[in-house]
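# Tertiary structure, described
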Amino acid sequence: MDLSKIAVSINKAINTQEVAVKEKHARTCILGTHHEKGAHTFWAAVNRLPLSSNAVLCWKFCHVFHKLLRDGHPNVIKDSMRNKADLTDMSRMWGHLSEGYGKLCSIYLKLLITKMEFHIKNPRFPGNLQMSNRQLDEAGENDVNNFFQLTVEMFDYLECELNLFLGVFSSLDMSRSVSVTAAGQCRLAPLIQVILDCSHLYDYTVKLLFKLHSCLPADTLQGHRDRFQEQFKKLKSLFYRSSNLQYFKRLIQIPQLPENPPNFLRASALSEHISPVVVIPAESSSPESEHVVETDDLVDTDVPVLPAALETKFDNLFGTSAPIDPFNFNSQNGMRKDDKDRLIEQLTREIQALKEELESFRLESGRLCQALRGRVSELEAELAEQSHLRLQAAGESEFLKAELDDLRRVREDTEKEQRSLTEIEKKAQANEQRYTKLKEKYTELVQSHADLLRKNAEVTRQMTVARAAQDEVEAVRREMQEKVKAAQEVAERQERDQLEQLQELQRELVSSRVELDSLKTNMASSQQSSEALSTQLVALESEKAVLVQSLSKVEAELAVRGDELERVQTSLATERESGVKTAEALQNQLNEKESREQALESQLVAARWSSLQGAVEEAEKIIRDSLAQIDDPAHISCTSSADYLASRCQASLDCMDRLHPTREAFLADNTGVSELMRVVTQCGHLVGDTIVQGSATSHMVPVEQADALSESVKTCGAEALDLLGQMKQRDSLAAADNGKLKAALEAILATAEKLRPRGLELQQGELGDLVEQEMAATSTAVESAAARIEEMLNKSRAVDTGIKMEVNERILASCTELMQAIKELILSSKNLQRDIVESGRGAASMKEFYAKNSRWTEGLISASKAVGWGATVMVDAADLVVQGKGKFEELMVCSHEIAASTAQLVAASKVKADKDSTNLHRLQQASRGVTQATAAVVASTKSGKSQIEDRDTMDFSSMTLTQIKRQEMDAQVLVLELETRLQKERERLGELRKKHYELAGVAEGWGEEEEGTG
């Protein structure tokens, strides 16, 4: 195809005539884009047209460009993106007009820009938006986030289409038949493209919303549903209004939307959705039909058009034409037509009219057939789509049934496991109860065994005592027998002695008798000795009788003791036999009890070990989950503070300290399993929390420290898993060492201590003293500044004269007033702080109150430092200004800085104050005084600067033209340099303020209440 022909068609299609674009010219432009595979020729021709000066020309350009975007070569969109900026400027320019084609051009250009951007972002969508359901799914890449974003972009796209629809309708006078006029058709013609776009966008939006509702909660998509409801009402109304216009009835068949919008909360409503299909009859796309629609075809009137009457009137005036009267009989005869001829002519005209009507009916039937064929095709496509949906639904149903069966099996398995777990728990409880009963029975048996042992010992002791008593009785018996024998022997010996003595006395008596005579004198003594012997004999006999009686008593007692000994021996033998039998029975019960206890003890040990393994595995899961969160992309947005990380590390270390003695106690007697499980679980939670908080803290620190902290956290996790792995095995439980894990936690704690804000390093006991010191230092700095200002004022009066002395005096006087106002402000702040401390500390001391409210105290300290520093810097700046070495701007900046610092001090002072406090009102008055004094300093500085600059005004009267031009160029260069420097300094100021805010936040602990949110 010739490019010149394409250019001619473009110029014919886009002209200043207020008529619709002819289809044959637009079709030539479309074919040209496919011929050259782009839109270079189109844009080369369009760029020469005055689109910005003629609204009708711009409107027809938008219509043709819309057709090219829809039906042209795919590269048209890419080639047109180069002119996006020009189209945007043109839309902005036409948007300044509030009526006519200007406003419509602005809306249309915005629509075209939105269409290009949509297709660039979503290259899978063709220009005419015709896609299948499979292609629509592929466009979202089966990602719910992509579908969500795609729905939003379609809403924006459809909103631009509806805005153009409404704009065209609002610009037409619908009370008249505007669609039959050329101007009305010029405005209505682009809406055919809009209707085609809207039908597809509506269909895709409905399908995407159903897909989103199947994946996301209904509350999340409330905004989507509200926006769809609004666009549905507009689109339905516009389709209805368009379908009633005669212009569209011949060119396009507009679908009607359902009465109510789809219910996205009901998934089955998708099957009720019918995709709207726009049908364009064949005549509307043929070149022969591209003419302005005639009035007779557009207006439906009840009065028929009678061309025969007009022809009769014409013939009556000028005679019958040759075709009607080929032989010209009437002309030859000069006669008028008779009634028969008129009837023939009338019938001929009626036949001609009937032929035309028949032709129109044939054309109408052809259009209807074409429309019906299109509807049949549409219904066949819809039927195929419904069949596909049915098959897809059947497949999904099968899949869901399989999933349901799997879920049922999983549920049954879960219920079985739950029941088995319940049975195990019941068995464990029963075993525990049985163990408790056995333990009680064992305690009773031990008690009874101890009682029997005590009885056995008592019986043995009694037997020992009885045996000792029996031995003693035997000894006494033997002793008594020996005594009796000795007494008998003594008595026999005495009796023998007495017999011998008696024999001797008898011999002596014989001798005495012999010598009786001779011994008469000795007779009395002999008689006395005989009597003594008789007495002695009687005494011996009485003694013998006593010994016999005692012997009989001993024998009787010995007999009694023998009987008692026999009875004790008999009872002792009986008790010994019963005790032996009882001991044997108890020993058997004790052996059975010990065997049962050993079995229960083994079961208990196994249960304890399984419980401990469960706790260790749970701790491992927690730590692995924490390590997995470190690599989770969603965790990058989580942050934490170093102070909170330090607290988590310290808690983990304390738990590690409790782990070692608990484990040793468990290894010693295997009874402390509950305490060990509690400590292991707590350690898992604390170490996992430390890992997560360490990773979150690394997101808030510099890269090097963040890398080091991340490595420490990962090392801690690895050591924790190693320790737990050792504790899972019986053999390695005793050898498990938590020293490496403690070392890793201590490394994290040390890193956290390094990262903690400097403001937190102060001991709480020092805060109260520090507040007083800073307030005193601020007062001293302000007084010193006031003294220096007074000294500078005296020097200026002694040295300077004229305007300079006047400027210096005014500036220094305003600075002095500012220092006085700051003094009053500091004094009011001290009094207010004293009231706050007195009313809030209760029984605590002032230091304890400051320590308890450390954040507020640090704010006071920071504000006091800022005020003192600002006063010192302002005095230095004022000194340099007075000496002529400084800049007035520095003094103004210092004044503003002091005002900001005092405002910070006021805010920090009154944050805990009572709103009805007298000292608070005084502080507010002092703050207003500082503000006024600051304004006075700035005003005096600006005034002095203007006076100095007026005095130094340059005189250009003596310069030549060349010198002035040179000075002008130098001034322009200086202005550009200063503007560049100003921009850089502003950027630097922004960065400094940002860094100052970060450092101030770190130093004062801002955001500490947000710790642990990652």
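Nothing here was measured: the structure is a model prediction, and the numbers come from that model.

So, how was this worked out
- Residues numbered from 1 in each chain as written.
- Predicted model: local features only at pLDDT ≥ 70, side-chain atom pairs only at ≥ 80, totals over all residues.
- Heavy atoms only, no water.
- Helix = DSSP H or I, 4+ residues; strand = E, 2+ residues; numbered from the N terminus.
- Buried < 20%, exposed > 50% of the residue type's maximum accessible area, 1.4 Å probe, protein only.
- Areas by Shrake-Rupley, 256 points an atom, 1.4 Å probe, with all protein chains shown as cover.
- Salt bridge = Lys/Arg side-chain N within 4 Å of Asp/Glu carboxyl O.
- Core = buried A, V, L, I, M, F, W, Y, C linked by side-chain atoms within 4.5 Å.
- Contact = heavy atoms within 4.5 Å.
- Phe/Tyr/Trp six-rings, centres within 6.5 Å; stacked < 30°, edge-to-face > 60°.
- Expected span 1.5 Å × (residues − 1).
- Polar contact = N/O pair within 3.5 Å; in protein donor to acceptor, adjacent residues only side chain to side chain.
- Axes fitted to C-alpha atoms, helices over the stretch in contact; angles between N-to-C directions.
- Parallel < 35°, antiparallel > 145°, perpendicular 65-115°, else oblique.
- Left-handed = near helix turned anticlockwise from the far one by under 90°.
- Nonpolar A, V, L, I, M, F, W, Y, C, P; charged D, E, K, R; others polar.
- pLDDT = per-residue confidence, 0-100.
- Disulfide = S-S within 2.5 Å.

Before going further, it helps to examine the overall build of the chain. Of regular secondary structure, the chain possesses 30 helices and zero strands. Among the 1014 residues that make up the chain, the fraction classed as buried is 35%. In the form shown here, the chain has an accessible surface area of approximately 60,600 Å², with 54% of it arising from carbon and sulfur atoms.

Take the pattern of salt bridges next. A side chain with one charge may pair with a side chain of the opposite charge, provided their charged atoms come close. On inspection of all chains with the given rule, the structure shows 23 salt bridges. The partner of Glu 23 in a salt bridge is Lys 67, with the nearest N and O atoms 3.3 Å apart. Taken as a pair, Glu 23 in helix H2 (residues 23-36) and Lys 67 in helix H4 (residues 55-71) lie far apart in primary sequence, 44 residues in all. The salt bridge partner of Glu 230 is Lys 234, with a shortest N-O separation of 3.6 Å. Residue Glu 230 and its partner Lys 234 are located together in helix H12 (residues 222-243), separated by four residues, close to a single helical turn. Residues participating in the shared-partner salt-bridge network are Arg 70, Lys 115 and Asp 197.

A word on the nonpolar core. Counting 93 residues, the largest nonpolar core has Ile 14, Phe 42, Phe 61 and Phe 125 as the members making the most contacts within it. With 14 residues, the single largest contributor to this core is helix H11 (residues 191-213). Once you skip the residues sitting within four places of it in the chain, Ile 14 turns out to touch Phe 42, Val 46, Leu 49, Leu 57, Lys 60, Phe 61 and Val 64. One finds Ala 744, Leu 745, Ile 748 and Leu 749 within the second-largest nonpolar core, a separate group that totals 41 residues.

Time to look at the packing of aromatic side chains. Summed over all chains, the structure comprises 18 aromatic pairs. Each ring, one from Phe 42 and one from Trp 43, has its centre 5.6 Å from the other, and the planes form 75 degrees; the classification is edge-to-face. Residue Trp 43 is classed as buried on the basis of its relative accessible area of 6%. Ring geometry for Trp 43 and Phe 61: centres 5.9 Å apart, planes at 65 degrees, overall edge-to-face.

Our next topic: helix H9 (residues 144-171). With 28 residues, H9 extends 41 Å between its outermost C-alpha atoms, agreeing within 8% with the 40 Å of an ideal straight helix rising 1.5 Å per residue. Where H9 begins, the capping side chain belongs to Asp 143, and its oxygen is found 3.2 Å from the backbone nitrogen of Asn 145.

The next thing to look at is the side chain of Glu 161. Residue position: Glu 161 is located in helix H9. Sequence-distant contacts of Glu 161, that is, excluding residues within four places in its chain, are made with Leu 111, Val 194, Asp 197, Cys 198 and Leu 201.

This next bit is on unusual backbone geometry. Backbone geometry places Leu 129, a non-glycine residue, at a positive phi of 65 degrees. Residue position: Leu 129 is located in the loop between helix H7 (100-121) and helix H8 (133-139).

Moving on, we get to the environment of Gln 932. Following the sequence through the fold, Gln 932 ends up in helix H29 (residues 918-951). Relative accessible area serves as the criterion here: at 58%, Gln 932 is assigned to the exposed category. Residues Gln 932 and Ala 899, 33 residues apart in the sequence, show an inter-C-alpha distance of 9.6 Å.

Orientation of helix H20 (residues 673-698) relative to helix H21 (residues 703-727), taken along the N-to-C sense of each, is 160 degrees, at an axis distance of 9 Å. By the angle between their axes, H20 is roughly antiparallel relative to H21. Seen along the crossing, H20 lies across H21 with a hand that is left-handed. Together, Leu 676, Val 680, Val 687, Ile 691, Gly 694, Ser 695, Thr 697 and Ser 698 of H20 and Ala 706, Leu 709, Ser 710, Val 713, Cys 716, Gly 717, Ala 720, Leu 724 and Met 727 of H21 make up the contact between the two elements. Taken together, the residues of the contact of H20 with H21 break down into 11 nonpolar, six polar and no charged.

Quick look at the confidence of the model for the chain now. When pLDDT is averaged along the chain, the result is 77, and 81% of the positions lie at 70 or above. Mean pLDDT across the elements of the chain bottoms out in helix H14 (residues 295-298) (36) and peaks in H4 (92). Long-range and interchain partners of residues 758-765, a stretch whose pLDDT sits below 50, account for 14 contacts in this model, where long-range means more than four residues apart. Segment residues 1006-1014 is flagged for pLDDT under 50; beyond a separation of four residues in sequence, or across chains, it makes 20 contacts in the model.

This next bit is on the state of the cysteines. Scanning the entire structure with this criterion turns up zero disulfides. A disulfide-free cysteine, Cys 186 has its sulfur positioned 9.5 Å from the sulfur of Cys 105, the nearest such atom. Owing to a relative accessible area of 3%, Cys 186 belongs among the buried residues under this scheme.

Glancing now at the packing of H2 against H4. Interaxial distance between H2 and H4 falls to 10 Å at its minimum, and their mutual angle equals 45 degrees. Taken together, the axes of H2 and H4 are oblique relative to one another. Once H2 is placed against H4, the crossing between them reads as right-handed. Of H4, the residues touching H2 (which contributes Glu 23, Ala 26, Cys 29, Ile 30, Thr 33 and His 34) are Lys 67, Leu 68 and Asp 71.

Moving on: the environment of Glu 575. Among the secondary structure elements, Glu 575 is positioned in helix H18 (residues 523-630). Here Glu 575 falls in the partly exposed class, since its relative accessible area comes to 41%.

This part is about the side chain of Asn 15. Mapping Asn 15 onto the fold places it in the loop between helix H1 (3-13) and H2. Among the polar contacts made by the side chain of Asn 15, one reaches the main-chain carbonyl oxygen of Lys 12 at a distance of 2.7 Å. There is a polar contact of 3.2 Å between the side chain of Asn 15 and the backbone nitrogen of Gln 17. Setting aside its immediate chain neighbours within four residues, Asn 15 contacts Val 56, Leu 57 and Lys 60.

Inspection of the secondary structure puts Asn 75 in helix H5 (residues 75-80). Filtering out sequence-adjacent residues up to four positions away, Asn 75 remains in contact with Lys 37 and Gly 38.

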